[in-house]
Amino acid sequence: MGFIYGLLSSAAFGLIPLFALPLIHGGMPAPLVLFYRFSIAALVLGGILILRGERFHTSARSLCLLAGMSVMYAMAALLMFWGFAYMPSGVAATLQFLYPVMVMLLMIVFFHERFSWITAGAVALALLGVHLLGGGAGGRVQPVGVALLLVSALCNAIYITAIFAARIPHMSGLVMTFYVLALGGLLSLANCLATGVFRPLRSWRELGLALLLAVITAVISNLTLILAVQRIGSTLASVLGVMEPLTAVLVGVCVFHEPFTPPIAGGVAFIVASVILVLLGDKLRALGARLHRRPQ
């Protein structure tokens, strides 16, 4: 079941364009889409946590740290939504999936992790992937879109690195996710009010899409991720995350009739390989050490 939960989690994340794009194309600004995704997800997840008997109490220091994390998390999502205007959604989701490579680089720069052949190989594969995706959609990928998605991936990487660095005590992953979603919702609301784009949902269709976007891509994805990690461990659950860009590409091609050219296929393959190399880095290093010590 752990593998099934892992696949469901990453596929649910990959469905973000399926529900977000119709809202954006229907005239809803990206910041408002983000507000409804975060706020509805926080309400649903909060209800689940109450039923589970989880404790929400935290210190003022932890709340400040969570607020900082939520800024990065919200920026990552908002930049991804903006990027949909400059490239196919499947390409955007694949570029955003570069965040594990950026986490690795941040850990090397700020936490003195060792630079290795795995690092060099992952970066080389990532650069090849970005190059192919940048020119592989018949001119539909604009440089500003690539820049937006790379910054989005960086924001996500900073968010994940901050979780490691903050070491918030006595808080489960789901409670932390609730706080990040709730605080992200408040930040998104403030942004919408400041820019004058806030409005209530105008139709049952908008309500349905907002509910699906929040429940499937934020609540179910996080719940199944926790279940997957509990059963198969964080490494395998992370590797199964490759279903996220693959799902987004499939949705883009089948639902939104986006192009799928050989360069796009190659770019997706290189980025997926880069991320898998990062996620399996420790196991590969251990295997290499064992082979090196083996008697000749």
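Being a predicted model, the structure only gives us computed values, none of them experimental.

Visitor: Describe the overall build of the protein, with residues and values.
Guide: Looking only at helices and strands, the protein features 14 helices and 0 strands. Starting at the N terminus and walking to the C terminus, you meet the elements of the protein as α-α-α-α-α-α-α-α-α-α-α-α-α-α. Relative to the globule expectation of 19 Å for 296 residues, the C-alpha radius of gyration of the protein, 19 Å, shows essentially globular dimensions. Once the C-alpha set of the protein is aligned to its principal axes, its extents read approximately 70 × 50 × 35 Å. If you take every contact in the protein between residues at least 6 apart in sequence, the share linking residues at least 24 apart comes to 87%. Positive and negative side-chain charges in the protein, numbering 16 and 6 respectively, have mean positions lying 6 Å apart.

Visitor: Any details on the side chain of threonine 94? Residues and values, ideally.
Guide: Considering the arrangement of structural elements, one finds threonine 94 in helix α5 (residues 89-96). Those residues in contact with threonine 94 that lie beyond four places of it in its chain are Leu133, Pro245, Val249, Val268 and Ile271.

Visitor: Go over empty space enclosed by the protein, please, and point to the residues and values.
Guide: Counted according to the given criterion, the structure contains 1 cavity of 30 Å³ or more. Reported here for the largest cavity is a volume of approximately 30 Å³. Around the largest cavity sit Pro88, Gly90, Val91, Val249, Val253, Glu258, Pro259 and Ile264, which together line it. Within the residue set of the lining of the largest cavity, elements represented by two or more residues are α5 and α12 (243-254). Grouping the constituent residues of the lining of the largest cavity by class yields 6 nonpolar, 1 polar and 1 charged.

Visitor: Tell me about the packing of aromatic side chains, and name the residues and values.
Guide: With the rule as written, the count across this model stands at 9 aromatic pairs. Among the aromatic side chains, those forming a connected cluster through ring pairs are Phe35, Tyr36 and Phe198.

Visitor: Could you give an account of unusual backbone geometry, with specific residues and numbers?
Guide: The backbone of histidine 112 sits at a positive phi, close to 60°, despite the residue not being glycine. Here histidine 112 lies in the loop between α6 (99-111) and α7 (117-134). Here the phi dihedral of histidine 257 falls at roughly 55°; this positive angle occurs in a residue that is not glycine. Relative to the helices and strands, histidine 257 is located in the loop between α12 and α13 (262-279). Owing to a relative accessible area of 65%, histidine 257 belongs among the exposed residues under this scheme.

Visitor: Which residues make up the nonpolar core, and what values go with them?
Guide: In terms of nonpolar packing, the biggest core is built from 87 residues, with Leu66, Phe81, Met87, Leu95 and Leu98 touching the most fellow members. It is helix α3 (residues 30-52) that contributes the most residues to this core, 12 residues altogether. Sequence-distant contacts of phenylalanine 81, defined by excluding residues within four places in its chain, comprise Ile16, Ala20, Ile24, Ala30, Val33 and Leu34. Counting residues in hydrophobic clusters, the runner-up holds 5 residues, among them Ala228, Ile232, Ala237 and Leu240.

Visitor: Give me the lowdown on helix α9 (residues 173-195), citing residues and values where you can.
Guide: Because an α-helix packs 3.6 residues into every turn, residues spaced three or four apart end up facing the same way. For α9, built from 23 residues, the straight-helix expectation of 33 Å at 1.5 Å per residue is met to within 8% by its first-to-last C-alpha distance of 32 Å. Positive phi appears at glycine 196, one or two residues downstream of α9, with a value of about 75°.

Visitor: Just give me the short version of a nonpolar patch on the surface, but keep the residues and values in it.
Guide: Taken together, the side chains of Val109, Phe110, Phe111 and Phe164 define a hydrophobic patch exposed on the protein surface, amounting to about 400 Å² of accessible area. The leading source of residues in the nonpolar patch is α6, at 3 residues. As for its placement among the helices and strands, phenylalanine 111 is situated in helix α6.

Visitor: How would you sum up the packing of α3 against helix α4 (residues 60-83)? Please name residues and give values.
Guide: Two elements in contact, α3 and α4, have axes whose closest approach is 9 Å; the angle formed by their N-to-C orientations is 135°. Relative to α4, the element α3 lies oblique. Between α3 and α4 lies a crossing whose hand is right-handed. Between α3 and α4, the contacting residues are Ala30, Pro31, Val33, Leu34, Arg37 and Phe38 on the first element and Tyr73, Ala74, Ala77, Leu78, Phe81 and Trp82 on the second.

Calculation criteria
- Residues numbered from 1 in each chain as written.
- Predicted model: local features only at pLDDT ≥ 70, side-chain atom pairs only at ≥ 80, totals over all residues.
- Heavy atoms only, no water.
- Helix = DSSP H or I, 4+ residues; strand = E, 2+ residues; numbered from the N terminus.
- Rg over C-alpha atoms; globule rule 2.2 N^0.38 Å.
- Contact = heavy atoms within 4.5 Å.
- Lys, Arg positive; Asp, Glu negative; His and termini not counted.
- Charge placed at Lys NZ, Arg CZ, Asp CG, Glu CD.
- 1 Å grid on protein atoms, 1.4 Å probe; cavity = no way out; pocket = protein on both sides within 12 Å on 5 of 7 lines; lining within 4 Å.
- Points joined across faces, edges and corners; volume = space filled by probe spheres on them.
- Nonpolar A, V, L, I, M, F, W, Y, C, P; charged D, E, K, R; others polar.
- Phe/Tyr/Trp six-rings, centres within 6.5 Å; stacked < 30°, edge-to-face > 60°.
- Buried < 20%, exposed > 50% of the residue type's maximum accessible area, 1.4 Å probe, protein only.
- Core = buried A, V, L, I, M, F, W, Y, C linked by side-chain atoms within 4.5 Å.
- Expected span 1.5 Å × (residues − 1).
- Patch = residues over 30% accessible without salt bridge, like charges linked within 9 Å, V, L, I, M, F, W, Y side chains within 5 Å.
- Areas by Shrake-Rupley, 256 points an atom, 1.4 Å probe, with all protein chains shown as cover.
- Salt bridge = Lys/Arg side-chain N within 4 Å of Asp/Glu carboxyl O.
- Axes fitted to C-alpha atoms, helices over the stretch in contact; angles between N-to-C directions.
- Parallel < 35°, antiparallel > 145°, perpendicular 65-115°, else oblique.
- Left-handed = near helix turned anticlockwise from the far one by under 90°.

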